[in-house]
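Survey of secondary and tertiary structure
Spelled out, the chains give:
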Amino acid sequence: MANVFDTLQERGFIAQCTNEEELRELFDKERVTFYIGFDPTADSLHAGHFIALMAMAHMQRAGHRPICLVGGGTGTVGDPSGRTDMRRMLTDEDIEHNCECFKKQIARFIDFSDDKAIMVNNGDWLRKLNYIDLLREVGACFTVNRMLAADCYKQRWEKGLTFLEFNYMVMQGYDFLELNRRYGCKLEMGGDDQWSNIIAGVELNRRKNNTAVYGLTNKLLTKSDGKKMGKTAGGALWLDAEKTSPYEFYQYWRNVDDADVENCLALLTFLPMDEVRRLGALKDAAINEAKKVLAYEVTKIVHGEEAAEKAKATAEAMFGGSGAGADIPEMTAAVDAKLLDTLVAGKVFASKGEGRRLIQQNGLSLNDEKVSDPDYVLTESDFKDGEAIVKKGKKKYYKLVKA
C-alpha cells in the first residue's frame, strides 16, 4: 500500500509539516493515531471543514486511526486564528448542542466501528482543570515572545487581542498532550491557519514528556485567485441539508470556476488521480462535464447517493431543457442589464414595485443565490453555458438566455 503521505501530497492536501522524513517513516512502520479538532462555533460543519474530513478519511483508508475531537472546552474561549475580531461567546447549552450536531455529521465520513476511530470532547478534561495547576504544569513550556510572534495573534493587533483568546494556544497544545497520554496520539492535523497552535502542541509534548510527535497542515479551501471557497450570497455552504439543501450544495460545485475544477476533484472526491487529471484537462464547453462529476461526487459523499441523484436530476431538468424543466418560461437577458428590468419586461412582475418588494423579502434568487439588491445588474459570470435560472418565491422558475 502507498504511503499515505504520498497520497495526501499527490492530491494537494499538504501545506506544512514537521519533520517530513520521520513522519513518512512512521506511516510506513505503524498504525498512527492522529487527531483533528473541530470547535463548535455553529450547529453544522461547513465546506471549510470538508477538506479536513477528507484528509481524515484518506488517513483512515490507509489504515491509520483518527481521533475526532469536538471542542466542548476550547469552544468556550474561541480560536482567534484568521479573525480580526473576537468570536461571539457561546452559552454552555449552545456548545453542547453544537458538539452533538458535529458528532452526528462526522460519523457520516468516518468509520467508528471496531476501534477504527475515536470521538472525544476536550471539555472532558479542559473544564476540570484548576487554573493554578495548569499554569504550574505547562506554563513554563510557553514563551510569551514566541506566542506573540504567531500569525494567529498578529492579525489581532489592530483591534486588540484579549487575554481570554491568548490562552487558546495553551488549551490546544494541552489537548495534544492529553491525547498523547490517553491514546498514544502522535500527529495533529488541521487547516494551515492552525500551524502555530499545532506547533505549540508538538513543542509541549517534547518539553513535558520528551515525546516525539508531529504536526501536519492541509491547504485551506481556496479558489485559484486565493479567495476562500465555500461562501455563498446567503453565507456559509453548510454540510447540514436543513441549512444548505443538497440541490443548492450540488449547484455550488457545478458552478465553480473552470480553473478550480481539478483542485476540487483532487481534494474533495475519492476519484483516482488519473481520472482527476483527465477531467481537469478538459477545455471550453467540455469542462462542464467535469463540473457535473465534481458536483455529483461531492454531494454523494456529503448527503448520500440518493440525494446526489435527486440533485443531479433537478439540475438537469432545470438547465438541460428536458423533463420537468422543459416547461420553464424563457426570456432573453442582456449582460449589463438590470435584473429587475428584465423580469418586468418578461412579465415575471407586473411592476417594478412588486419586484422590489419581493427582493426586500428575500423572495428572489438568481442561480440559487438570494438577490438582495433591487438594482442588481446582470454580469457575464451570472450566465453558465449562456443561461441563468431565476427563482421567484418557492416554486416558480424562469430561465434567462443570454442575448
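Attention in this report is confined to the structure presented alongside it. All figures in this text were calculated on a predicted structure; none of them were measured in a lab. (Residues numbered from 1 in each chain as written. Predicted model: local features only at pLDDT ≥ 70, side-chain atom pairs only at ≥ 80, totals over all residues. Heavy atoms only, no water.)

Along the chain, the regular secondary structure elements total 18 helices and 13 strands. Computed over C-alpha atoms, the radius of gyration of the chain comes to 24 Å, within 12% of the 22 Å expected from 2.2 N^0.38 for 403 residues, which places it in the range of a compact globule. Counting only C-alpha atoms and orienting by the principal axes, one finds that the chain spans roughly 75 × 50 × 35 Å. The proportion of buried residues among the 403 residues of the chain is 50%. Of the contacts formed within the chain by residues at least 6 apart in sequence, a portion of 73% connects residues at least 24 apart. Split by element, the accessible area of the chain, about 19,100 Å² in all, is 48% carbon and sulfur. (Helix = DSSP H or I, 4+ residues; strand = E, 2+ residues; numbered from the N terminus. Rg over C-alpha atoms; globule rule 2.2 N^0.38 Å. Buried < 20%, exposed > 50% of the residue type's maximum accessible area, 1.4 Å probe, protein only. Contact = heavy atoms within 4.5 Å. Areas by Shrake-Rupley, 256 points an atom, 1.4 Å probe, with all protein chains shown as cover.)

What follows covers helix α18 (residues 352-360). Here α18 has its buried residues at Gly-355, Leu-358 and Ile-359. Across the axial projection of α18, the buried residues extend over an arc of 100°, all falling on one side. Of the surrounding secondary structure, the elements contacted by the buried residues of α18 are α17 (339-345), β10 (364-366) and β12 (387-392). After α18 finishes, the residue Asn-362 shows a positive phi value of roughly 60°. (Arc of directions from axis to C-beta.)

Another aspect to go through is the sheet that holds strand β9 (residues 330-333). If you trace the 5 strands from one edge of the open sheet to the other, you get β9-β13-β12-β10-β11, paired in mixed fashion. The open sheet has two edge strands, β9 and β11 (369-370), and neither has a second partner. Strand direction decides the pairing type here: β10 and β11, joined by 2 bridges, are antiparallel. Across the sheet, residue Ser-365 finds its bridge partner in β11, namely Lys-370. (Pairing = 2+ DSSP bridges.)

We now examine the packing of aromatic side chains. Evaluation of the coordinates by the stated rule reveals 4 aromatic pairs. Note on Phe-249 and Trp-253: the rings are 6.0 Å apart at their centroids and 70° apart in plane angle, and the pair reads as edge-to-face. Taken as a pair, Phe-249 and Trp-253 lie in helix α12 (residues 246-254) at a separation of 4 residues, close to a single helical turn. The same class applies to Phe-249 and to Trp-253, which are both buried. Where Tyr-252 meets Trp-253, the ring centres are 4.9 Å apart and the plane angle is 85°; that geometry is what we call edge-to-face. When its relative accessible area of 13% is taken as the criterion, Tyr-252 is described as buried. Given the relative accessible area of 0%, Trp-253 is considered buried. The residue whose ring lies beneath Arg-61 is Phe-270, and the NZ or CZ to ring-centre distance is 3.6 Å. (Phe/Tyr/Trp six-rings, centres within 6.5 Å; stacked < 30°, edge-to-face > 60°. Lys NZ or Arg CZ within 6 Å of the ring centre and 35° of its normal.)

Bringing helix α11 (residues 195-209) into the picture now. With 15 residues, α11 ought to run about 21 Å at 1.5 Å a step, and its terminal C-alpha atoms sit 21 Å apart, in line with that. Asn-210 occupies a position one or two residues after α11 and carries a positive phi of about 55°. (Expected span 1.5 Å × (residues − 1).)

Mapped onto the secondary structure, Arg-278 falls in helix α14 (residues 273-280). For the pair Arg-278 and Val-4, spaced 274 residues apart in sequence, the C-alpha to C-alpha distance is 22 Å.

To continue, consider the packing of α12 against helix α15 (residues 287-303). Here α12 crosses α15 at 145°, and the two axes come no closer than 8 Å. Seen from above, α12 lies across α15 with right-handed handedness. Residue-level contacts link Pro-246, Phe-249, Tyr-250, Trp-253 and Arg-254 of α12 to Asn-288, Lys-291, Lys-292, Leu-294, Ala-295, Tyr-296, Val-298, Thr-299, Val-302 and His-303 of α15. Partitioning the contact of α12 with α15 into residue classes produces 9 nonpolar, 3 polar and 3 charged. (Axes fitted to C-alpha atoms, helices over the stretch in contact; angles between N-to-C directions. Left-handed = near helix turned anticlockwise from the far one by under 90°. Nonpolar A, V, L, I, M, F, W, Y, C, P; charged D, E, K, R; others polar.)

Pairing geometry for β10 and β12, over 3 bridges, is antiparallel. Bridge pairing in β12 links Leu-364 to Lys-392. Pairing of β12 with strand β13 (residues 396-402), which is carried by 6 bridges, proceeds in the antiparallel orientation. Bridge pairing in β13 places Ala-388 opposite Leu-400.

Judged by pairing direction, the sheet is mixed, and its 6 strands sit side by side in the order β1-β6-β5-β2-β3-β4 without closing on themselves. If you trace the sheet from one side to the other, it starts and ends with β1 (14-17) and β4 (118-121), each paired once. Mean inter-strand twist for the sheet, computed between neighbouring axes without regard to direction, equals 25°. The pairing of strand β2 (residues 33-38) with strand β3 (residues 65-70) spans 6 bridges and is classified as parallel. Each residue of the ladder has a partner; that of Phe-34, found in β3, is Pro-66. Sheet contacts for helix α3 (residues 47-61): β2, β3, β5 (187-191) and β6 (214-218); angle to β2, the most-contacted strand, approximately 165°.

This part covers the environment of Phe-383. Inspection of the secondary structure assignment puts Phe-383 in the loop between β11 and β12. Placed 320 residues apart in sequence, Phe-383 and Gly-63 show a C-alpha to C-alpha distance of 44 Å. Residues contacting Phe-383, with those up to four places away along its chain left out, are Ala-333, Val-335, Leu-378, Ala-388, Leu-400, Val-401 and Lys-402.

Let us look at the nonpolar core. Ranked by size, the top nonpolar core spans 69 residues in total, and within it Phe-38, Leu-187, Met-189, Trp-253 and Leu-268 carry the most contacts. Of all the elements, α3 adds the most residues to this core, at 10 residues. The contacts of Met-189, once residues within four sequence positions are left out, are Leu-8, Phe-34, Tyr-35, Ile-36, Ala-55, Met-59, Ile-198 and Leu-216. Counting residues in hydrophobic clusters, the runner-up holds 31 residues, among them Tyr-35, Val-77, Leu-134 and Ile-198. (Core = buried A, V, L, I, M, F, W, Y, C linked by side-chain atoms within 4.5 Å.)

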